[in-house]
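Summary of structural features
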Amino acid sequence: KGHLIPPPLGKGGRPPKKLNTKTWQPDEHARFLVGLEAHWREWSLVKEHVRTKTKTQVRSRANIYFRKLMQERPLAAQKKKANEPWTQEERLRFLLGLEIHGCQWDQLTQFVGTRDADQIAEHARDYFQKLEEDGREVQFYFKRAHAQWIQQQQQRRQQTHTSASTSSEAVRTTGHHDDGDGGIESGPPASIFMEENSGGSVGTLCDDDAALAPPAVHAEDLDSDAIKK
C-alpha cells in the first residue's frame, strides 16, 4: 500500500544492528503506527516493522497511544462524508473501538467520532472480508466482534428471505380478481426482483455472546509505562 513506510536499513541493505533505546524519533513512530495497524497486538511483528525498538518498548508505546485515543475524542463537528478516505488515526480508533465495544455500532460510532453508524458498519464488513480474502486468522481481541458480525449477516439474510417469501405470497393472493360473472380472472404475471444489500444501513444490533467475549478492555488495564517524546 502507498501509505506503508519501509523499515529502516543499515549499510548493505541490512537492518541496523543496534537498537535505539532512547526517545522515539518521528520516523520510528510513523513505522510503529503502520505496524500497529497491520498487526495490532502481535508485538513481535510490530517490533519487526519498527526494527529499532524492543518488543517491550513497542508494547509500552502502544498502551500509551491507546490511552491517548481513549482520552482525546474528536469533535462532533468533524464528521466526515462517506466518500472521504479514512485517515490512519480513524482506522486505529476503529480497531481499538472494535476490540472494546464489539459490534455495538452506536458506541463504536461515538468512539471513532468522525464517522456515522453506516460508515462504521461498512468499514467493519470490509475489514473482516479482507481478513478472509488474505487467509488471515482473526486475532483473539476481535473474536467477539467477528462472531457478532457473522450473526448480524445471518440475521440480514434471514430477514431478506422472509421478506421475499411474504412479498411473493402477497402477489399470488392479489394477482386474481372477480371477473363479474362469479369466475376468477387471472391478473397479469408479476415478477419480483429482490437483491440483498450487503452494504446497507445498520440493522438490529447483535446480542453479546458472553461465551465468545474476551475480557473487556478498560483504561486502567493498560500498561502505565510512560514514553518520553
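It should be emphasised that the depicted structure is a prediction, and the values quoted were computed from it without experimental measurement.

In this structure, Trp40 is a non-glycine residue whose phi angle is positive, near 50 degrees. With respect to the helices and strands, Trp40 occurs in the loop between helix H1 (26-39) and helix H2 (43-50). A residue is classified by how much of its surface remains accessible, and Trp40, at 2% relative accessible area, is buried. For Arg51, which is not glycine, the phi dihedral falls at a positive 75 degrees. Of note, Arg51 is situated in the loop between H2 and helix H3 (55-71).

Another point: the pattern of salt bridges. Inspection of the entire model under this criterion finds 13 salt bridges. Notably, a salt bridge pairs Glu28 with Lys53, separated by 3.9 Å at the nearest N-O pair. In this pair, Glu28 is assigned in helix H1 and Lys53 in the loop between H2 and H3, connecting sequence segments 25 residues apart. The exposure class of Lys53 is buried, given its relative accessible area of 1%. In this structure, Glu90 and Lys80 form a salt bridge, with 3.8 Å as the shortest nitrogen-oxygen distance. Taken together, the residues span a long stretch of sequence, with Glu90 in helix H4 (residues 88-101) and Lys80 in the loop between H3 and H4 at a distance of ten residues. Residue Glu90 is classed as buried on the basis of its relative accessible area of 4%. We classify Lys80 as partly exposed; its relative accessible area is 24%.

The next point concerns the nonpolar core. Grouped together as the largest cluster of nonpolar side chains are 35 residues, with contacts concentrated most on Phe32, Leu36, Trp40, Tyr65, Phe66, Phe94 and Leu96. Breaking this core down by element, the ones donating at least two residues are H1, H2, H3, H4, helix H5 (105-112), helix H6 (117-134) and helix H7 (143-174). Discounting residues that sit within four places of it in the chain, Phe32 has contacts with Trp24, Val46, Val50, Val58, Arg61, Ala62 and Tyr65.

Where H4 contacts H6, the axes come no closer than 12 Å and their chain directions differ by 85 degrees. Between H4 and H6, the angle falls in the class roughly perpendicular. Taken together, the residues of H6 that come into contact with H4 (itself represented by Arg91, Phe94, Leu95 and Leu98) are Ile120, His123, Ala124, Tyr127 and Phe128. Its residues assigned to classes, the contact of H4 with H6 shows seven nonpolar, one polar and one charged.

Our focus in this paragraph is H3. Between its terminal C-alpha atoms H3 stretches 25 Å, which fits the 24 Å expected from 17 residues at 1.5 Å a residue. Among all positions in H3, only Gln57, Val58, Ser60, Arg61, Ala62, Asn63, Tyr65, Phe66, Arg67, Leu69 and Met70 are buried. In this fold, the buried residues of H3 make contact with H1, H2, H4 and H5.

Our focus in this paragraph is the confidence of the model for the protein chain. In this model, the protein chain carries an average pLDDT of 77, and 65% of its residues clear a pLDDT of 70 or more. The low-confidence segment residues 184-213, where pLDDT is below 50, has 55 contacts with residues more than four positions distant or belonging to other chains. Across residues 224-229 the pLDDT falls below 50, and counting only partners more than four positions away or on other chains, this stretch makes eleven contacts in the model.

So, how was this worked out
Residues numbered from 1 in each chain as written. Predicted model: local features only at pLDDT ≥ 70, side-chain atom pairs only at ≥ 80, totals over all residues. Heavy atoms only, no water. Helix = DSSP H or I, 4+ residues; strand = E, 2+ residues; numbered from the N terminus. Buried < 20%, exposed > 50% of the residue type's maximum accessible area, 1.4 Å probe, protein only. Salt bridge = Lys/Arg side-chain N within 4 Å of Asp/Glu carboxyl O. Core = buried A, V, L, I, M, F, W, Y, C linked by side-chain atoms within 4.5 Å. Contact = heavy atoms within 4.5 Å. Axes fitted to C-alpha atoms, helices over the stretch in contact; angles between N-to-C directions. Parallel < 35°, antiparallel > 145°, perpendicular 65-115°, else oblique. Nonpolar A, V, L, I, M, F, W, Y, C, P; charged D, E, K, R; others polar. Expected span 1.5 Å × (residues − 1). pLDDT = per-residue confidence, 0-100.

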